[in-house]
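# Topology and contacts: notes
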Amino acid sequence: MAFQGKKLINNPNDVVTEFIEGLVETYPGLQYLDGFPQVKVVLRADVSSSTYDKVAVISGGGSGHEPAHAGFVGEGMLTAAICGDVFASPPVNSILAGIRAVTGTMGCLLIVKNYTGDRLNFGLAAEQAKSEGYKVEMVIVGDDCALPPPRGIAGRRGLAGTILVHKV
C-alpha cells in the first residue's frame, strides 16, 4: 500500500507561489506586485502609492502559517503583505517594493513579529525607505504565550496576537 500524503501541495518548491496565485484569483480585491513570483507581495487592488491618503498598514513574514499574512489583506486590515518562503523571512528588496507600492503621503506602519530575520529585514527595508523620503514606522509584536518570560536574546516571538494588531 502506497503512503498517501497529508497535505494539498503539488510541489513544495511552489507552495507559496501557488497560494498567492490562488488567493488573488479567488479575491478580485487583491493583486500581486510586479515582479511576482520573485517578489511575493500581495496588496489591495484599489490602493496606489500615488493616490492613497491613509497610513498604509504592512505586515509579512515567513509562509507556512496561512492564511497569515496575505489572507489578512483587505479594507480595514492590511494594505499589503510581504510573503517569505516557508518559515523564512521575506527579503529586504521585496519588503521595500511593498512599501513603495502602497505608501502615500501619510506614510506606512510595518507590523513585524519578533523573529530575528523579520526584525532584521523589515528594519533594513524601513531604513532604506526612510532614506528615499517615505514616512515609515515599525512596531514589533512579541505576544507568544507559549514561551516562558523572556530569556536570552530573542524573547517571545509573536504570531497569534499579531492579527489583533493588524486590526487595531
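An account of the accompanying structure is given in this report. (Residues numbered from 1 in each chain as written. Predicted model: local features only at pLDDT ≥ 70, side-chain atom pairs only at ≥ 80, totals over all residues. Heavy atoms only, no water.)

Turning our eyes to something else, we now look at helix H1 (residues 15-26). Helical periodicity: at 3.6 residues per turn, an α-helix aligns residues three or four positions apart in one direction. Here H1 spans 16 Å end to end across 12 residues, near enough to the 16 Å set by a 1.5 Å rise per residue. Inspection of H1 places Val16, Thr17, Ile20, Leu23 and Val24 among the buried residues, and these make up the whole buried set. End-on, the buried residues of H1 take up no more than an arc of 130 degrees, which puts them together on one face. Of the residues in H1, the exposed ones pointing more than 90 degrees away from the buried face are Glu25 and Thr26. On its buried side, H1 packs onto strand S1 (30-32), strand S2 (41-44), strand S3 (56-63) and strand S4 (80-86). (Helix = DSSP H or I, 4+ residues; strand = E, 2+ residues; numbered from the N terminus. Expected span 1.5 Å × (residues − 1). Buried < 20%, exposed > 50% of the residue type's maximum accessible area, 1.4 Å probe, protein only. Arc of directions from axis to C-beta. Contact = heavy atoms within 4.5 Å.)

Quick look at the environment of alanine 126 now. Secondary-structure assignment places alanine 126 in helix H3 (residues 116-131). Alanine 126 sits 12 residues away from methionine 138 along the chain, and the two C-alpha atoms are 7.7 Å apart.

It is at 8 Å that the axes of helix H2 (residues 92-102) and H3 come closest, and there the two elements cross at 50 degrees. The angle between H2 and H3 falls in the class oblique. The handedness of the crossing between H2 and H3 is right-handed. Taken together, the residues of H3 that come into contact with H2 (itself represented by Val92, Ile95, Leu96 and Ile99) are Asn121, Phe122, Leu124, Ala125, Ala126, Gln128 and Ala129. (Axes fitted to C-alpha atoms, helices over the stretch in contact; angles between N-to-C directions. Parallel < 35°, antiparallel > 145°, perpendicular 65-115°, else oblique. Left-handed = near helix turned anticlockwise from the far one by under 90°.)

Further remarks concern a negative patch on the surface. Negative charge collects at one region of the surface, where Asp14, Glu18, Glu21 and Glu25 lie side by side. The residue glutamate 21 is located in helix H1 in this model. Classification of glutamate 21 as partly exposed rests on a relative accessible area of 34%. (Patch = residues over 30% accessible without salt bridge, like charges linked within 9 Å, V, L, I, M, F, W, Y side chains within 5 Å. Areas by Shrake-Rupley, 256 points an atom, 1.4 Å probe, with all protein chains shown as cover. Salt bridge = Lys/Arg side-chain N within 4 Å of Asp/Glu carboxyl O. Lys, Arg positive; Asp, Glu negative; His and termini not counted. Charge placed at Lys NZ, Arg CZ, Asp CG, Glu CD.)

Time to look at the side chain of histidine 69. On the secondary structure map, histidine 69 appears in the loop between S3 and S4. For histidine 69, a relative accessible area of 4% corresponds to the buried category. Among the polar contacts made by the side chain of histidine 69, one reaches the main-chain carbonyl oxygen of glycine 60 at a distance of 3.4 Å. When sequence neighbours within four positions are dropped, the list of residues in contact with histidine 69 reads Ser59, Gly60, Gly61, Leu78, Ala81, Lys113 and His166. (Polar contact = N/O pair within 3.5 Å; in protein donor to acceptor, adjacent residues only side chain to side chain.)

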